[in-house]
Amino acid sequence: MKKRTVIFMVLIVLGAFALTQSAFTVDQTEKAIVIQLGKPVGDKALGPGLHFKLPLVQNVVFFDARILDFDAKPEEITTTDKKYMKVDSYTKWRIVEPLTFYTKVRTIQGGQARLDDIIRSQLRVALGRYTLIEVVSHKRQEIMDTVTARSRELLEPYGIDVIDVRIKRTDLPAENARAIFGRMKAERERQAKQYRSEGREVSARIIAEADKERSIILADAEKESEIIRGEGDAMATKIYADALGRSPEFYAFTRSLEAYRKSLKDNSRLIMTPKSPFLKYMK
């Protein structure tokens, strides 16, 4: 009886040990694969829940199913206009095929190494097609979309899904910054001189056009004034002629009065004889 009790207790202990060695749980944020003799068991990964494996023969490898961050080290990249720049980038990625991922790269560190190689090469290729100004301004979104799409395509065979690749920061190398700033300053000064020269040319053209229009306007005004003056003189002559025809004596009287008014002003002095015809109406 006592021997049976001992055997029963041993069986219970062995059963408990086998259960603890064979049962395992997968968290909501994880996926798992069962490994036997270094090779995956089954054709798909295990999802969240309670699972079992053979004790001592099989073991479990867990992978994070959430979106992961990979922060690459800054590196120097040459743009199409031969400018050097330090690019600091990061990547959002996740493991979508744990079996493929384990077969190709084994661990998270191995996956990050593959990410680093492919994304660095794609950044060099993409940034090498644009100028420095385009990279840091309006072409950045286009470049990042291209790098993300190409990296996703190349990393898909490794069970990796590249969600997004972004540039955190771009800097000029310290030894090149001063030279680049000098060239940029010289370029801006050249453009400023060109703009000032073009402005002076436009100003001279506007002034010449204005002077031309002014001369034309003055000539037209002078012409019109001469015409009006001539018409007025003709009308005055006609009026005088009509008056002379009607009363020559009255016409001579009015003309003499006008001559007196124009000649005997401002303390004028005239030397003439009393019998001068000019003084006919002054007697």
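The rules we used
Residues numbered from 1 in each chain as written. Predicted model: local features only at pLDDT ≥ 70, side-chain atom pairs only at ≥ 80, totals over all residues. Heavy atoms only, no water. UniProt positions renumbered as here; feature names shortened; annotations may be inferred. Helix = DSSP H or I, 4+ residues; strand = E, 2+ residues; numbered from the N terminus. Buried < 20%, exposed > 50% of the residue type's maximum accessible area, 1.4 Å probe, protein only. Contact = heavy atoms within 4.5 Å. Areas by Shrake-Rupley, 256 points an atom, 1.4 Å probe, with all protein chains shown as cover. Expected span 1.5 Å × (residues − 1). Pairing = 2+ DSSP bridges. Salt bridge = Lys/Arg side-chain N within 4 Å of Asp/Glu carboxyl O. Axes fitted to C-alpha atoms, helices over the stretch in contact; angles between N-to-C directions. Parallel < 35°, antiparallel > 145°, perpendicular 65-115°, else oblique. Left-handed = near helix turned anticlockwise from the far one by under 90°. Nonpolar A, V, L, I, M, F, W, Y, C, P; charged D, E, K, R; others polar.

If you look the chain up in an unreviewed UniProt entry, it shows as Protein HflC from Pseudodesulfovibrio profundus. Taken from UniProt, the Sequence similarities (unreviewed entry) comment for the chain reads in full: "Belongs to the band 7/mec-2 family. HflC subfamily." Its UniProt record, at the heading Subcellular location (unreviewed entry), says of the chain: "Membrane".

**Some remarks on the overall build of the chain**
Per the secondary structure count, the chain includes seven helices and nine strands. A buried classification covers 22% of the 283 residues belonging to the chain. A separation of at least 24 residues holds for 64% of the contacts in the chain among residues at least 6 apart in sequence. Element-wise, carbon and sulfur atoms account for 58% of the exposed surface of the chain, whose accessible area totals about 20200 Å².

**Considering helix α3 (residues 108-127)**
An α-helical turn contains 3.6 residues, so any two residues separated by three or four positions project in the same direction. With 20 residues, α3 should cover 28 Å at 1.5 Å per step; its first-to-last C-alpha distance of 28 Å lies within 8% of that length. Every buried residue of α3 is listed here: G111, L115, D116, I118, I119, R120, Q122, L123, A126 and L127.

**Notes on the pairing of strand β6 (residues 68-71)**
The two faces of β6 differ: L68 and F70 on one face are buried, but D69 and D71 on the other face are not. Bridge count for β6 against strand β8 (residues 84-95) is four bridges, and the pairing is antiparallel. Bridging from a neighbouring strand, F70 pairs with T91 of β8.

**Section: the pattern of salt bridges**
One side chain can pair with another of opposite charge once the charged atoms of both are near each other. Applying the stated criterion across every chain yields a total of 15 salt bridges. In this structure, E75 and R120 form a salt bridge, with 3.1 Å as the shortest nitrogen-oxygen distance. With a gap of 45 residues between them, E75 in strand β7 (residues 75-78) and R120 in helix α3 connect regions that are remote in the sequence. The exposure class assigned to E75 is buried, which follows from its relative accessible area of 10%. R120 sits in the buried class, given a relative accessible area of 16%.

**A closer look at the sheet that holds strand β3 (residues 39-46)**
A sheet is described by the order of its strands in space; here three strands give the open sequence β3-β2-β5, paired in antiparallel fashion. Strands at the two margins of the open sheet, each flanked by one partner only, are β3 and β5 (58-64). Taken pair by pair, the neighbouring strands of this sheet meet at an average axis angle of 25°, ignoring direction. In the sheet, strand β2 (residues 30-36) pairs with β3 via four bridges, with the strands oriented antiparallel. Across the sheet, the residue bridging to V34 is V41, located in β3.

**Some words on the packing of α3 against helix α5 (residues 140-155)**
Between α3 and α5, whose axes approach to 9 Å, the crossing angle comes to 140°. Here α3 is positioned oblique relative to α5, judged by the angle of their axes. As for how α3 packs across α5, the hand of that crossing is right-handed. Within the contact between the two elements, α3 uses R114, L115, I118, I119, Q122, L123, A126 and L127 and α5 uses I143, M144, V147, R150, S151, L154 and L155. Considered class by class, the residues forming the contact of α3 with α5 number eleven nonpolar, two polar and two charged.

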